[in-house]
Amino acid sequence: MATTTVSEIKDGVVVGIAYVLTVEGVEMDEASANEPLEYLHGAENIVPGLENALTGKKVGDKFSVTLQPADAYGDYDEENTDTIDRDDFPDSDTIEPGMELLLEDEDGYMIEALVKEVLDDAIVLDFNDPLAGKVVTYDVEVVTLRAADAEELEHGHPHSLMEDDDWDDEDWDDDDDE
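This structure is a prediction, so every number in the text was calculated from the model and none was measured.

Asks: Describe the overall build of the protein, and please don't skip the residues or the numbers.
Replies: In terms of regular secondary structure, the protein is built from two helices and nine strands. Element order for the protein, N to C, with α for helix and β for strand: β-β-β-α-β-β-β-β-β-β-α. Looking at the protein as a whole, 34% of its 178 residues qualify as buried. For the protein, restricting intrachain contacts to residue pairs at least 6 apart in sequence, the fraction spanning at least 24 positions comes to 62%. Put simply, the protein shows about 11,400 Å² of open surface, and 43% of that area lies on carbon and sulfur atoms.

Dropping the structure here:
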């Protein structure tokens, strides 16, 4: 298969970035140049402000970008919480505030929730992203660029994400009705 040379970031390009994500000077996440985060540009695989800042960049470019909540993980939504009966949780005695839980919704999708409060008869869950409402800073280096193949474009994500794991497209949380 012939590979197309890509010189800059634009829609349809699989981009590998090294980054450090900080909130108020505290490191929250990182990806190294040896194990970069890969995403499909233009497919909304990463936060919109970072994707916009990467447009037009080339391999070797380094920059820092500070994003407001609307361009990052969204505003914190006080209504994006739910109070669930304790009886709906096996081992509810072990659940404590601050724990992260992985739950299945009515449609069979897995969603993350933070335990906000444990009451006598219920548990209050917060479904906001942990970085919602936060100003975030990314220090980024563009590590790799390549043209996405037809299957990646159709599926909306790079398949290199699954090379070392036992993943397939059914594991990717996309909106395909395949």
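Asks: Please provide a residue-by-residue account of unusual backbone geometry, values included.
Replies: The phi torsion at glutamate 24 lies on the positive side, around 50°, for a residue other than glycine. With respect to the element layout, glutamate 24 can be found in the loop between strand S1 (13-23) and strand S2 (26-31). Judged by relative accessible area, glutamate 24 falls into the exposed class, the value being 77%. Even without a glycine there, the phi angle at glutamate 44 is positive, about 60°.

Asks: So, the pairing of strand S6 (residues 100-104): which residues are in play, and what are the values?
Replies: Residues Leu101 and Leu103 line the buried face of S6, whereas the alternating positions Glu100, Leu102 and Glu104 sit on a face that is not buried. The pairing of S6 with strand S7 (residues 110-118) spans five bridges and is antiparallel. From the neighbouring strand, glutamate 104 faces S7, where its bridge partner is methionine 110. Where S6 folds back onto S7 in an antiparallel hairpin, the turn is made up of five residues, including glycine 108, whose phi is positive at roughly 90°.

Asks: Got a sec to walk through the packing of aromatic side chains? Specific residues and values, please.
Replies: This model, assessed by the stated rule, comprises one aromatic pair. The cationic tip of lysine 57 hangs over the ring face of phenylalanine 63; the distance from NZ or CZ to the ring centre is 4.9 Å.

Asks: Which residues make up the nonpolar core, and what values go with them?
Replies: Grouped together as the largest cluster of nonpolar side chains are 24 residues, with contacts concentrated most on Val15, Leu50, Leu54, Leu67, Tyr138 and Val140. Within the residue set of this core, elements represented by two or more residues are S1, helix H1 (48-54), strand S4 (62-67) and strand S9 (136-147). Those residues within four positions of valine 140 in sequence are excluded, and the remaining contacts are Ile17, Ala18, Tyr19, Leu50, Leu54, Asp61, Lys62 and Phe63. Phe89, Ile95, Leu101 and Leu125 belong to the second-largest nonpolar core, a separate cluster that totals eight residues.

Asks: An account of the pattern of salt bridges is requested, with residue identities and associated values reported.
Replies: Scanning all chains against the criterion turns up three salt bridges. With a shortest N-O distance of 4.0 Å, glutamate 78 and lysine 116 are connected by a salt bridge. Pair noted here: glutamate 78 is in the loop between S4 and strand S5 (81-85) and lysine 116 is in strand S7, with a separation of 38 residues, a long-range link. Residue glutamate 78 is classed as exposed on the basis of its relative accessible area, which comes to 55%. Of the charged contacts in the structure, one is a salt bridge between glutamate 152 and arginine 146, with a shortest N-O distance of 2.8 Å. Take glutamate 152: its relative accessible area is 2%, and that puts it in the buried class. Judged by its relative accessible area of 29%, arginine 146 is partly exposed.

Asks: Summarise the environment of aspartate 75; cite the residues concerned and give the values.
Replies: If you trace the backbone, aspartate 75 turns up in the loop between S4 and S5. A sequence separation of 56 residues divides aspartate 75 from leucine 131, and the C-alpha atoms of the two residues are 8.9 Å apart. Those residues in contact with aspartate 75, other than ones at most four positions away along the chain, are Pro69, Ala70, Asn128, Ala132 and Gly133.

Asks: How would you explain the sheet that holds strand S8 (residues 122-126) if you had to name every residue and give the values?
Replies: Spatial ordering of the open sheet is given by S5-S8-S7-S6, a layout of four strands whose pairing is antiparallel. Of all the strands in the sheet, just S5 and S6 have a single pairing partner and so form its edges. Between one strand and the next, the sheet's axes are offset by a mean angle of 45°, whatever the strand orientation.

About the criteria used
- In this convention, every chain numbers its residues from 1, walking through the sequence in written order.
- Only residues with pLDDT of 70 or above have their local features reported here, since the model is predicted, and side-chain atom pairs are shown and tallied only from 80 upward, although totals for entire chains, interfaces and linings are computed over all residues.
- Neither water nor hydrogens contribute to the side-chain values; these are computed over all heavy atoms in the structure.
- Numbering of helices and strands runs from the N terminus, with a helix taken as a DSSP run of H or I at least four residues long and a strand as a DSSP run of E at least two residues long.
- Think of it in three bands: with a 1.4 Å probe and only protein chains considered, a residue is buried below 20% of the maximum accessible area for its type, exposed above 50%, and partly exposed in between.
- Any pair of residues with heavy atoms lying within 4.5 Å of one another is described as a contacting pair.
- Accessibility throughout is a Shrake-Rupley quantity obtained with a 1.4 Å probe, and a residue counts as covered only by protein chains that appear here.
- Strand pairing is defined by DSSP finding a minimum of two bridges between the two strands.
- Only the six-membered ring of Trp is used, alongside the rings of Phe and Tyr, when aromatic pairs are assigned; centres must lie within 6.5 Å, and planes under 30 degrees apart are stacked while those over 60 apart are edge-to-face, with the rest tilted.
- Remark: a charge is flagged as sitting over a ring if the NZ atom of Lys or the CZ atom of Arg is within 6 Å of the ring centre and within 35 degrees of the ring normal.
- To qualify as a nonpolar core, a set must consist of buried Ala, Val, Leu, Ile, Met, Phe, Trp, Tyr and Cys residues joined through side-chain atoms within 4.5 Å.
- The working definition used for a salt bridge is a side-chain nitrogen of Lys or Arg within 4 Å of a carboxyl oxygen of Asp or Glu.
- Note on definitions: angles span 0 to 180 degrees between N-to-C directions of axes, and those axes are lines fitted to C-alpha atoms, for helices only across the stretch in contact.

By themselves, these observations are geometric and do not establish any function.
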